[in-house]
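Take a look at the letters that make up each chain.
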Amino acid sequence: MAGPGGSRTGQPRPEKVAVVEEVRERLSSATAAVLTEYRGLRVAEMAALRSSIAAAGGTYKVYKNTLVRFAARDLGLEALAELLTGPTAIAFVQTDAAAVAKALRDFSRTNPALVVKGALLGERVLSAAETAALADLPPRDVLLAQVAGAFQAPLAKF
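Along each chain, residues carry numbers from 1 onward, in the same order as the chain's sequence is written. With the structure being a predicted model, the display of local features is reserved for residues of pLDDT at least 70 and the display and counting of side-chain atom pairs for 80 or more, all residues being used for whole-chain, interface and lining totals. Only hydrogens and water are set aside when side-chain values are computed; all heavy atoms of the structure are taken into account.

Asker: I'm lost on the pairing of strand β4 (residues 115-121) in this one. Help?
Answerer: A regular strand places its side chains on the two faces of the sheet in alternate fashion. Note on pairing: DSSP must find at least two bridges between two strands before they are called paired. The way it works is that DSSP assigns letters per residue, a run of H or I at least four long becomes a helix, a run of E at least two long becomes a strand, and they are numbered from the N terminus. One ladder, built from six bridges, connects strand β1 (residues 32-37) with β4; its direction is antiparallel. Across the sheet, alanine 32 pairs through a bridge with leucine 121, a residue of β4. Both β4 and strand β5 (residues 124-126) contribute to a ladder of three bridges, which runs antiparallel. Each residue of the ladder has a partner; that of leucine 121, found in β5, is arginine 124. Hairpin connection from β4 to β5: two residues lie between these consecutive antiparallel strands, with glycine 122 at a positive phi of about 65°.

The structure is reproduced here in structure tokens:
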């Protein structure tokens, strides 16, 4: 009988251990991760989606839910497991979470087969609705300019 990793000895196969380690590294180094269901997207649509996510500062990859659960458990992110149903792909964000969330939202408007399930922002798991609200935020550079303007206004009045 095969063990949890798929081998008869009860030890996970090295390739599965490597995938869990990759997911764990990506989750811990990303500023955010957006989980999606991609059922029904064709290869050309997936390529276009990957391209738009890359332009927004992220990477998009499909993993087996079981292996993502192991990585999430190792990082103490058990709440992420509730988003791991059906075919799941993860958009890992290196810079601006709002930009990647926007790219996913915009893509899903013309490709309803893409469904945003939720996100991981830092160590907080966001629902699909909270992730949609993230997509409505202005880009990072605009937010920084607004904060700088808010600090500058009282100084200018002084």
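Having seen the structure, we can now continue with the description.
Asker: Just to check I follow, could you spell out the pattern of salt bridges for this structure?
Answerer: Oppositely charged side chains may form a pair once their charged atoms are brought near each other. Here, a salt bridge means any Lys or Arg side-chain nitrogen found within 4 Å of an Asp or Glu carboxyl oxygen. The full count for this structure, using the stated rule, is 12 salt bridges. Ionic pairing is found between glutamate 15 and arginine 13, a salt bridge with its closest N-O pair at 2.8 Å. Between arginine 24 and aspartate 74 there is a salt bridge whose closest N-O contact spans 2.2 Å. Taken as a pair, arginine 24 in helix α1 (residues 14-29) and aspartate 74 in helix α3 (residues 65-74) lie far apart in primary sequence, 50 residues in all.

Asker: Would you explain the packing of aromatic side chains in this entry?
Answerer: Note on aromatic pairs: each is described by the distance of the centres and the angle between the planes. For this analysis, a ring pair means two rings from Phe, Tyr or Trp (six-membered ring only for Trp) whose centres lie within 6.5 Å, classed as stacked if their planes differ by under 30 degrees, edge-to-face if by over 60, and tilted for the remaining angles. For the coordinates displayed, the defined rule picks out one aromatic pair. Seen in terms of ring centroids, tyrosine 63 and phenylalanine 92 are 6.2 Å apart; in terms of plane orientation they differ by 75°. Their pairing is edge-to-face. Of this pair, tyrosine 63 sits in the loop between β2 (58-62) and α3 while phenylalanine 92 sits in strand β3 (residues 88-93), placing them 29 residues apart in sequence. When sorted by exposure, tyrosine 63 lands in the same class as phenylalanine 92, which is buried. The rule is simple: take the accessible area with a 1.4 Å probe, protein chains only, and divide by the maximum for that residue type; under 20% is buried, over 50% is exposed, in between is partly exposed.

Asker: Quick question: what am I supposed to make of the sheet that holds β5 here?
Answerer: Strand pairing in a sheet relies on backbone hydrogen bonds, with the paired strands running either antiparallel or parallel. Pairing in this open sheet of five strands is antiparallel, and the strands run β2-β3-β1-β4-β5 from one edge to the other. Here the strands that pair on one side only, and so sit at the sheet edges, are β2 and β5. Strand-to-strand twist across the sheet, computed as the mean angle between neighbouring axes with direction ignored, equals 20°. Sitting on the sheet, helix α2 (residues 43-55) touches β2 and β3, and the angle it makes with β2 is about 150°. Angles shown run from 0 to 180 degrees and are taken between the N-to-C directions of axes, each axis being a line fitted to C-alpha atoms and, for helices, limited to the stretch in contact. Whether two residues are in contact is decided by their heavy atoms, any of which lying within 4.5 Å being enough.

Asker: How should I be thinking about the packing of α2 against helix α4 (residues 97-110) in this particular structure?
Answerer: Helices that pack against each other are described as a pair by the angle of their axes relative to one another and the distance between those axes. As a packed pair, α2 and α4 sit with axes 9 Å apart at the nearest point and diverge in direction by 150°. Of the possible angle classes, the one that applies to α2 and α4 is roughly antiparallel. Pair α2 / α4 crosses with right-handed handedness. Note on element contacts: α4 touches α2 through Val100, Ala103, Leu104 and Phe107, opposite Glu45, Ala48, Leu49, Ser52 and Ile53. Gly is placed with the polar residues, together with every amino acid not listed as nonpolar (Ala, Val, Leu, Ile, Met, Phe, Trp, Tyr, Cys and Pro) or charged (Asp, Glu, Lys and Arg). When its residues are assigned to classes, the contact of α2 with α4 shows seven nonpolar, one polar and one charged. Angle categories are assigned with fixed cut-offs, so that under 35 degrees is roughly parallel, over 145 is roughly antiparallel, 65 to 115 is roughly perpendicular, and the rest are oblique. By definition, any crossing whose near helix is turned counterclockwise from its far helix by less than a right angle is left-handed, and any crossing with a clockwise turn is right-handed.

Asker: Please explain helix α5 (residues 128-135) as it appears in this structure.
Answerer: Every α-helical turn comprises 3.6 residues, leaving residues that sit three or four positions apart pointing alike. Among all positions of α5, only Thr131, Leu134 and Ala135 are buried. End-on view of α5: buried residues confined to an arc of 105°, all on one side of the axis. Residues of α5 that are buried sit in contact with β1, α4, β4 and β5. In this context, the arc is that of the directions from the helix axis out to the C-beta atoms.

Asker: Quick question: what am I supposed to make of the nonpolar core here?
Answerer: Soluble globular proteins tend to pack their nonpolar side chains together in the buried interior. Throughout this description, the term nonpolar core refers to a set of buried Ala, Val, Leu, Ile, Met, Phe, Trp, Tyr and Cys residues connected via side-chain atoms within 4.5 Å. Ranked by internal contacts, the top residues of the largest apolar core, which has 22 residues, are Leu49, Ile53, Tyr60, Ala91, Val100, Leu104 and Leu114. Of all the elements, α4 adds the most residues to this core, at six residues. With near-sequence residues (within four places) excluded, leucine 114 lies in contact with Thr36, Glu37, Leu41, Leu49, Tyr60, Leu104, Phe107 and Ser108.

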